[in-house]
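Results of the structural survey
Each chain, letter by letter, is given below.
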Amino acid sequence: MKYRLTSKDEALSAITDYFVASEGKSSVIAIHEDKCFDSDKWLSLGEVKLNPGEVEPGEERRDRIEHAVSFGFFEWQCETTKSVLKQLEALMNLTKEEHKKKAARALDAVACVAARVGLIHPLFDADAIAQMPFRRPTTVVSDTSAVLQGGLDFVVRFLYPMARLKVPAIAHMEILNASDNYLKYRRGIKIDNKAKALFEHASSQGGQRALLRLELQTEAEIERGRLGADPLRGIVQPDSDQEDKVLGLQQIQRSFADRLIFETARQHLSQTNPGHPVVLLTADQGLARMTLGEGMETLYFEATTYGAISGASLSGTTFDPFNGKIYSVGLLDLLWEFAVTFGMARLSTPDGSAGLEVGAMGETLTWQPYHAQDDLLWVCGLGGDQTDDPAASVPPETVPAPATTARADAKKRPTEEKPPAKPRSFTGSYKFGVAKLFALIDRLNSKPLNDKEAMEVVGVSKIAALDDYKNFLTSGRLVEQKDGLVATESLTKLVQALKVRDLDAAVIFFVDVPSFAGFFKYLNGEINENPVAERAKATYVALGEVLGVCFEIPKEKVYPTLSHPTLNAFTEAAVASYERLAKRTDQYVLTGDWLEGLVRDHGIHPVRSRSLLEEARVAGLLERFTEGSTPETGFQEHTLNLLEMQQGRPTVRRIGLFEGDFLLAGKSSVSIRLKRVTA
Amino acid sequence: MDSAFSREIRKNRIGKDCSSNGRANMGQTSSLFRLAVWKPANPIRRFMVLSTKDVPFDYQLHEQIYAWEPDGVDIWGSLRESARMTEARAALIEAFDPNKPVKERGLDQLRKAIEVLGKILQEKDATGWSECEEFVKMGEDQINIRANTILLLYRHLDWIWRVFAHVPGASVTVR
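Residues numbered from 1 in each chain as written. Chains lettered and ligands numbered in written order. Predicted model: local features only at pLDDT ≥ 70, side-chain atom pairs only at ≥ 80, totals over all residues.

Turning next to the overall build of chain B. When you go through chain B residue by residue, the secondary structure sums to 4 helices and 5 strands. Every one of the 175 residues in chain B was classed for burial, and the buried ones make up 37%. Here the contacts in chain B between residues at least 6 apart in sequence split such that 74% fall between residues at least 24 apart. (Helix = DSSP H or I, 4+ residues; strand = E, 2+ residues; numbered from the N terminus. Buried ≥ 20, exposed ≤ 12 C-beta atoms within 10 Å, placed from the backbone. Contact = placed C-beta atoms within 7 Å.)

Listed below in structure tokens is the structure:
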């Protein structure tokens, strides 16, 4: 096996390759501990199924799969307790009941991994949940069990920054102590109690990862309390100190550690302002009872056991328990957490013939602080042509210094290792920033651009992100792709139309783009189904708004705005729309409401309404009065993408329709009153 | 958004693996599901209820201890059969109508509703992964989050049940 130090970004490419190659086959997530399990024996934790969805026109299958891995579009069907325990006992050749019990406890670490990454939530005390999310700053002091069993991660994920986190030094030391215990097993010639060694491995490495991850990979600010009194030495490592012997500290190590955690919480309480809540986060019943008994509050949650996930189907996308939004857990986050907690993890076909192995601890696998800083682990591809796999070519002994490892290579890969692009039919729809498209059109009108220059103009770092711009323009024969992008005569004429804000003329050039032509037909009512791919709809709606052919009213729909009324017809429509809103003849109504009424009932775009209103006023058909006032709140989403000229260049600005700066230049017009002029 | 419109949106989604993606969508959903867990209140101060025709003679004060509603997520979006939609709505919404007596809206009833969702999840092709309105930004791209909303709801309700199952007198309402 050839392992290579790899970042998650680089592993993403390798695991995507695996899923692309093994599409339709099932995948299994498994762990391995090199000292406790026989070599090449893996503990299967269940099947993982990716749900990337159907590929839409203009999309690549590979992109879909990559997004599914990154954003947690997967289900993990967990093994039942019975099945996984049976496997584990066989893997470690356990015969003694005592060892089997310890193995079952070690198995709880699997559920703890799920809780730490956020696939499941700890089962908090009902009263504690009733206090969440915190409405005022609250200091949360974590004990060791909370670090290991996902309580601290829950607080960081859902309660921070209102929760101020404190991790007492004793929690770090307890985890360090477990680590020391495990390393003693590891260094020994023979492990007499493999179940205990596995337990110590999972507790110590999982705990250290939780603390390192929170410190290095999240924005959460965690404060460490002072170490405290000298007798600590006697708690974390028994020694021959006479004073410790007299105090008998070695006999009460665990409860004394709990006491010190409690004392840390109480110390914080004494240092904070009166009334500032300080709570102790723990899964330890004894510590929770002591905390309550001594007049402090606790955030208690039930110990996380394997039973919490036994036979369950866990989803990589999950509901936030408080704000109702969905958050996601990347598949690699899960794999990484397992690898560190147990030493090795892999995602592969059931027979292990293809997949990805991730290692954190092994005979040949080293560790240095920069690995933790950049969250690098040892990765090896399984099966296939391993020389193509970025994670399978360099043995650990020859891994170069960090500056030239995976991170540097990962930056090169998008252009150097991607297979050559297939010829495009340009029938798909594209997703891009509309303002950036206009910036690119303007620059191309001045000079041809190579890919690098074009990427700078649209502000993207990946060549793939530029493709949508290029293909959109190419499909409408607005550019030609020679050595770079070269403007055609159509693009030059388009820019001329844009400069004089002749939107109707501009639309003609965009209708040459097949995908936009399809969208236009849909707006026009020629076809019933919007042909634009779901991922690109926002782009086409924004472009349609800029060109004056559609307008979206939030929480309603996208309305076509293809009406070009005469001045008299507009006057009738404007008055009708006003009268529908005004209860009295002299009442001011919200300008945004009036404009949206014209969109909704008469298909007139706000830009057209603006110019026609002025023409009707000049022609003596209408009188309009406006008032400026504080814009109504609640309409922030009612925006319009507007074409403007800045220093002779076409640009797109997003304006609020209800904010009063749209209708009249230099005059606030939050509200409007209309009066028909009668002869 | 009026409820008729919402119903229309949901109806359109049945049987499709599609999203109601942000601005591009021809409509969107707001939360139509708000779950709250209640328990008998234990007020510190005394309260006096002035009897009027509108106040029932026998009453209890309950306090809300947890409330949750999906934000911008159509929880039924992953259901692929209208019959299952009816079943799930009956188990979750009609069963926890706030007008029902407290004892009929207990946590044991919630367990039954969770089991209904569990059964639907077990059925082949009754649910599927679909795109949600929520998205994440990835450089230039906006990636719509995909989820099996019924599975998410199942997991979340299961968590709620496990947390509150044994709170004396606790009840659930869904609006």
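Resuming the write-up.
Looking only at helices and strands, one finds 26 helices and 24 strands in chain A. Within chain A, contacts between residues at least 6 apart in sequence are counted, and of these 69% link residues at least 24 apart.

Further remarks concern the environment of Tyr18(A). All names here are of chain A. If you trace the backbone, Tyr18 turns up in helix H1 (residues 8–21). It is 9.4 Å that separates the C-alpha atoms of Tyr18 and Thr349, two residues lying 331 residues apart in sequence. The contact partners of Tyr18, leaving out residues within four places of it in the chain, are Ala354, Gly355 and Leu356.

Below, the discussion takes up the pairing of strand E14 (residues 355–359) of chain A. Residue and element names in this part refer to chain A. In terms of residue burial, E14 counts as a mostly covered element, since 5 of its 5 residues are buried. The alternating pattern of E14 places Gly355, Glu357 and Gly359 and Leu356 and Val358 on opposite faces, both of which are buried. By the bridge criterion, 5 bridges tie strand E13 (residues 344–348) to E14 in an arrangement that is antiparallel. Note that in E14 the partner of Ser348 across the bridge is Gly355. Hairpin connection, E13 to E14: the antiparallel pair is bridged by 6 residues, and Gly352 has positive phi, about 75°. (Pairing = 2+ DSSP bridges.)

A few words now on the environment of Tyr578(A). Residues and elements named next belong to chain A. Tracing the chain through its elements places Tyr578 in helix H24 (residues 567–581). Here the alpha-carbon distance between Tyr578 and Lys675, two residues 97 residues apart in the chain, equals 9.3 Å. Filtering out sequence-adjacent residues up to four positions away, Tyr578 remains in contact with Val589, Trp594 and Leu674.

All names here are of chain A. With an omega of -10°, the peptide bond between Met132 and Pro133 qualifies as cis. Turning to its location among the elements, Pro133 is positioned in the loop between helix H5 (126–130) and strand E5 (138–142). Here the residue pair Tyr160 and Pro161 is connected by a cis peptide bond, since its omega of 5° sits within 30 degrees of zero. Among the structural elements, Pro161 can be located in the loop between helix H7 (151–159) and strand E6 (163–167).

To continue, consider the packing of helix H3 (residues 107–122) of chain B against helix H4 (residues 149–164) of chain B. Residue and element names in this part refer to chain B. As a packed pair, H3 and H4 sit with axes 10 Å apart at the nearest point and diverge in direction by 155°. Put simply, H3 runs roughly antiparallel to H4. For the pair H3 and H4, the crossing hand works out as left-handed. Mapping the contact onto sequence places Leu107, Leu110, Arg111, Ala113, Ile114, Leu117, Gly118, Ile120 and Leu121 in H3 and Ile150, Leu151, Leu153, Tyr154, Leu157, Asp158, Trp161 and Phe164 in H4. Its residues placed into classes, the contact of H3 with H4 shows 14 nonpolar, 1 polar and 2 charged. (Axes fitted to C-alpha atoms, helices over the stretch in contact; angles between N-to-C directions. Parallel < 35°, antiparallel > 145°, perpendicular 65-115°, else oblique. Left-handed = near helix turned anticlockwise from the far one by under 90°. Nonpolar A, V, L, I, M, F, W, Y, C, P; charged D, E, K, R; others polar.)

Contacts between chain A and chain B engage 40 residues on the former and 43 residues on the latter. The set of elements that each furnish at least two residues to the side of chain A that touches chain B consists of H5, strand E10 (313–315), strand E11 (317–319), strand E12 (326–328), helix H23 (537–546) and strand E19 (557–560) of chain A. The residue inventory of the side of chain A that touches chain B, partitioned by class, reads 16 nonpolar, 13 polar and 11 charged.

What follows is about the confidence of the model for chain B. All names here are of chain B. Counting all residues, the mean pLDDT for chain B is 78, and 75% of those residues have values of 70 or more. Counting interchain partners and residues more than four positions distant, the pLDDT-below-50 stretch residues 1–31 has 66 contacts. Of the two predicted TM-score estimates for the complex, the pTM is 0.64 and the ipTM is 0.81. (pLDDT = per-residue confidence, 0-100.)

Take the sheet that holds strand E4 (residues 74–78) of chain A next. Residue and element names in this part refer to chain A. With respect to topology, 8 strands assemble into an open sheet ordered E1-E15-E14-E13-E2-E3-E4-E10, the strand pairing being antiparallel. A strand with exactly one partner marks an edge of an open sheet, and here the two such strands are strand E1 (4–6) and E10. Taken over all neighbouring pairs, the strand axes of this sheet differ in orientation by 30° on average, direction set aside. In terms of strand pairing, E4 meets E10 through 3 bridges, oriented antiparallel. Opposite Glu75, over in E10, you have Ser315 as the bridge partner. Against the sheet, H1 contacts E1, strand E3 (43–50), E13, E14 and strand E15 (377–382), and its axis sits at roughly 150° relative to E14.

For the rest of this paragraph, the subject is the sheet that holds strand E20 (residues 589–590) of chain A. Residue and element names in this part refer to chain A. The 3 strands are arranged E20-E24-E21 in an open sheet whose pairing can be described as antiparallel. Sheet topology places E20 and strand E21 (622–627) at the edges, where each strand pairs with a single neighbour. Note: E21 against strand E24 (residues 671–676), 6 bridges, orientation antiparallel. Across the sheet, the residue bridging to Leu622 is Arg676, located in E24.

Another point: the packing of helix H4 (residues 97–117) of chain A against helix H9 (residues 194–216) of chain A. Residues and elements named next belong to chain A. It is at 8 Å that the axes of H4 and H9 come closest, and there the two elements cross at 20°. Considering the angle they form, H4 stands roughly parallel to H9. Taken as a pair, H4 and H9 cross one another with a handedness that is left-handed. For the pair H4 and H9, the contacting residues are His99, Lys102, Ala103, Arg105, Ala106, Ala109, Cys112, Val113 and Arg116 in the first and Ala195, Lys196, Leu198, Phe199, Ala202, Ser203, Gly206 and Ala210 in the second. Here the residues of the contact of H4 with H9 sort into 10 nonpolar, 3 polar and 4 charged.

For the rest of this paragraph, the subject is the nonpolar core. Residues and elements named next belong to chain A. Counting 152 residues, the largest nonpolar core has Ala114, Val155, Leu335 and Ala339 as its most contacted members. Sort the elements by how many residues they give to this core and H4 lands first, with 11 residues. Residues in contact with Ala339, not counting those within four places in the same chain, are Met344, Ala345, Val358, Gly359, Ala360 and Leu377. Residues Leu440, Phe510, Cys550 and Val558 belong to the second largest nonpolar core, which totals 72 residues. (Core = buried A, V, L, I, M, F, W, Y, C linked by C-beta atoms within 7 Å.)

A word on helix H25 (residues 591–602) of chain A. All names here are of chain A. Here H25 contains 12 residues, and its C-alpha end-to-end distance of 16 Å stays within 8% of the 16 Å for a straight helix at 1.5 Å per residue. For H25, every residue scored as buried is listed here: Thr591, Gly592, Trp594, Leu595, Glu596, Gly597, Leu598 and Val599. Elements that come into contact with the buried residues of H25 comprise strand E18 (550–553), E19, H24, E20, helix H26 (606–618) and E24. Downstream of H25 by a residue or two, Gly603 has a phi angle that is positive, lying close to 65°. (Expected span 1.5 Å × (residues − 1).)

In this section: helix H2 (residues 61–70) of chain A. Given 3.6 residues to a turn, an α-helix orients residues that are three or four positions apart in the same direction. Most of H2(A) is tucked away: 7 of the 10 residues are buried. If you check which residues of H2(A) are buried, you get Arg64(A), Ile65(A), Glu66(A), His67(A), Ala68(A), Val69(A) and Ser70(A).

Residues and elements named next belong to chain A. With 5 of its 5 residues buried, E6 lies for the most part within the structure. What you see with E6 is no split at all: Ala163, Leu165 and Val167 on one side and Arg164 and Lys166 on the other are buried throughout. In this structure, E5 lies alongside E6, joined through 4 bridges in parallel fashion. Paired with Val141 across the two strands is Lys166, which belongs to E6.

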